[in-house]
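These are the residues of each chain, in order.
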Amino acid sequence: MDNSWSARAACHGLDPRIFFPADDDEASLAKAVCDSCPVREPCLEYALGEREREGVWGGCTEGERRRIVRRRRRAAS
Ligand code: SF4
């Protein structure tokens, strides 16, 4: 998988703990960074493809990624 997108990540150099909030309510700071990130889409697809279970990836929390996966499965069936 091509992960070259990560070199342009807006979160590069930030405290990674920001992206692993205790719950969705604490995810707002990470989501704000992701909102301005130029590689949001490939980051999200990476997380979906790797089944990343924790953290904010591509502006989505774990629960939001689960919903995306469910929606895609329904659309494909
Ligand atoms: S979308 Fe968010 S988590 Fe992904 S690379 Fe960008 S800032 Fe980092």
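Everything below is about the structure printed above this text.
Participant: Help me understand the site of the ligand in this model?
Facilitator: Around the ligand, a shell composed of Ala9, Cys11, Val33, Cys34, Cys37, Arg40, Cys43, Val56 and Gly58 is seen. Elements represented by at least two residues in the shell around the ligand include exactly helix H1 (28-35) and helix H2 (40-49).

Participant: Help me understand the pattern of salt bridges in this model?
Facilitator: Pairs can form between side chains of opposite charge whenever their charged atoms are close. Under the defined criterion, the tally for this structure stands at five salt bridges. Across the pair Asp35 and Arg40 runs a salt bridge, and its minimum N-O distance is 2.6 Å. What makes Arg40 partly exposed here is its relative accessible area of 27%. In this structure, Glu62 engages Arg66 in a salt bridge whose closest nitrogen and oxygen atoms are separated by 2.8 Å. With Glu62 and Arg66 both in helix H3 (residues 62-76), this residue pair falls four residues apart, about one helical turn.

Participant: I tried to follow the side chain of Arg65 on my own but got confused; where do I start?
Facilitator: Structurally, Arg65 can be placed in helix H3. Buried within the structure, Arg65 lacks any salt-bridge partner; its nearest side chain of opposite charge belongs to Glu62, at an N-O separation of 5.8 Å. Look past the residues within four positions of Arg65 in its chain and what remains in contact with it is Leu44, Ala47, Leu48, Glu52, Arg53, Glu54, Gly55, Val56, Trp57 and Cys60.

Participant: What am I meant to see in the packing of aromatic side chains here?
Facilitator: Both the distance between ring centres and the angle between the ring planes are used here to describe each pair of aromatic rings. Tallied over the entire structure, the rule returns two aromatic pairs. Between Trp5 and Tyr46, the ring centres sit 5.8 Å apart and the planes meet at 55 degrees, which makes this aromatic pair tilted. Taken together, the residues span a long stretch of sequence, with Trp5 in the segment before H1 and Tyr46 in helix H2 at a distance of 41 residues. Under the relative-accessibility criterion, Trp5 is labelled buried at 13%. Members of the aromatic cluster, connected to one another through ring pairs, are Trp5, Tyr46 and Trp57.

Participant: Whenever I open this one, the nonpolar core confuses me. Can you help?
Facilitator: Nonpolar side chains in soluble globular proteins generally cluster together in the buried interior. Listed in full, the eight residues of the largest apolar core are Trp5, Ala9, Cys37, Val39, Cys43, Tyr46, Ala47 and Trp57. Beyond its immediate stretch of four places on either side in the chain, Ala47 contacts Glu52, Trp57 and Arg65. Within the second largest apolar cluster, six residues are counted, among which are Ala27, Ala30, Val33 and Cys34.

Cut-off values and rules
Residues numbered from 1 in each chain as written. Predicted model: local features only at pLDDT ≥ 70, side-chain atom pairs only at ≥ 80, totals over all residues. Heavy atoms only, no water. Near = heavy atom within 4 Å. Helix = DSSP H or I, 4+ residues; strand = E, 2+ residues; numbered from the N terminus. Salt bridge = Lys/Arg side-chain N within 4 Å of Asp/Glu carboxyl O. Buried < 20%, exposed > 50% of the residue type's maximum accessible area, 1.4 Å probe, protein only. Lys, Arg positive; Asp, Glu negative; His and termini not counted. Contact = heavy atoms within 4.5 Å. Phe/Tyr/Trp six-rings, centres within 6.5 Å; stacked < 30°, edge-to-face > 60°. Core = buried A, V, L, I, M, F, W, Y, C linked by side-chain atoms within 4.5 Å.

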